[in-house]
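# Observations on the three-dimensional arrangement
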Amino acid sequence: MTSSKLLNTIDMLLEIIDRQDWPTFQFAALSNSAFFRALTNPIASCPETNGMTLLHAVVRYNPPLDMVAKMMKICPDLPAAKDCLGRTPLHVAA
């Protein structure tokens, strides 16, 4: 995926998260586990996201727990991921 395409995908997903449109997020990001896994590292390493993962972004909005569980099942390392401030998704959710 080219960097401009990646940034467009990140922007789209973050917009969906900001709208708290969980069905669309699940379809766009979680319907294909390989796609979600492939996005995980580039999103966290993208300067525009400050080390934030999609799990960091989602938990700010009290999402459906089954969706969070699916994200963690696909990428079990997400709960331990830290953003640029050293916060895990649990810190962000609190």
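Above this text you will find the structure in question.
Right, let's walk through the structure included here. Note that the coordinates shown come from a computational prediction; the quantities given were computed from them, not determined experimentally.

We now examine the overall build of the protein chain. Each helix and strand in the protein chain was counted, giving six helices and zero strands. Written out in order from the N terminus, the α and β elements of the protein chain read α-α-α-α-α-α. The C-alpha atoms of the protein chain give 12 Å as radius of gyration, which agrees with the globular expectation for 94 residues (12 Å, within 12%). Taking the principal axes of its C-alpha atoms as reference, the protein chain extends roughly 35 × 30 × 25 Å. The proportion of buried residues among the 94 residues of the protein chain is 39%. When contacts within the protein chain are restricted to residue pairs at least 6 apart in sequence, those whose partners lie at least 24 apart make up 64%.

Moving on: the environment of L55. Along the chain, L55 turns up in helix α4 (residues 54-59). A relative accessible area of 2% places L55 in the buried class. A sequence separation of 35 residues divides L55 from L90, and the C-alpha atoms of the two residues are 9.3 Å apart.

What follows is about the nonpolar core. Membership of the largest hydrophobic core comes to 27 residues, with the highest contact counts inside it found for I17, F25, L30, F36, L54, V58 and M71. At the level of secondary structure, the elements contributing two or more residues to this core comprise α1 (3-19), α2 (22-30), α3 (33-45), α4 and α5 (65-74). If you tally residues by element for this core, the top one is α1, at six residues. Residues in contact with M71, not counting those within four places in the same chain, are F25, L30, F36, L54, L55, V58 and L78.

To continue, consider the packing of α2 against α3. Packing of α2 against α3 leaves a shortest axis separation of 7 Å and a crossing angle of 85 degrees. One element, α2, and the other, α3, form an angle in the roughly perpendicular class. Contacts between α2 and α3 involve A28, A29 and L30 from the former and S33, F35 and F36 from the latter. Residue classes in the contact of α2 with α3 are distributed as five nonpolar, one polar and no charged.

To continue, consider the side chain of T40. Checked against the element boundaries, T40 lands in helix α3. A polar atom in the side chain of T40 sits 2.9 Å from the backbone oxygen of F36.

In this section: α5. Of the positions making up α5, those classed as buried are M67, V68, M71 and I74. One side of α5 holds all its buried residues, which, seen down the axis, span an arc of 130 degrees. Residues of α5 that are exposed and point over 90 degrees away from its buried face: L65, D66 and K73. Residues of α5 that are buried in the fold lie against α2, α3 and α4.

Reading guide: rules and limits
- Residues numbered from 1 in each chain as written.
- Predicted model: local features only at pLDDT ≥ 70, side-chain atom pairs only at ≥ 80, totals over all residues.
- Heavy atoms only, no water.
- Helix = DSSP H or I, 4+ residues; strand = E, 2+ residues; numbered from the N terminus.
- Rg over C-alpha atoms; globule rule 2.2 N^0.38 Å.
- Buried < 20%, exposed > 50% of the residue type's maximum accessible area, 1.4 Å probe, protein only.
- Contact = heavy atoms within 4.5 Å.
- Core = buried A, V, L, I, M, F, W, Y, C linked by side-chain atoms within 4.5 Å.
- Axes fitted to C-alpha atoms, helices over the stretch in contact; angles between N-to-C directions.
- Parallel < 35°, antiparallel > 145°, perpendicular 65-115°, else oblique.
- Nonpolar A, V, L, I, M, F, W, Y, C, P; charged D, E, K, R; others polar.
- Polar contact = N/O pair within 3.5 Å; in protein donor to acceptor, adjacent residues only side chain to side chain.
- Arc of directions from axis to C-beta.

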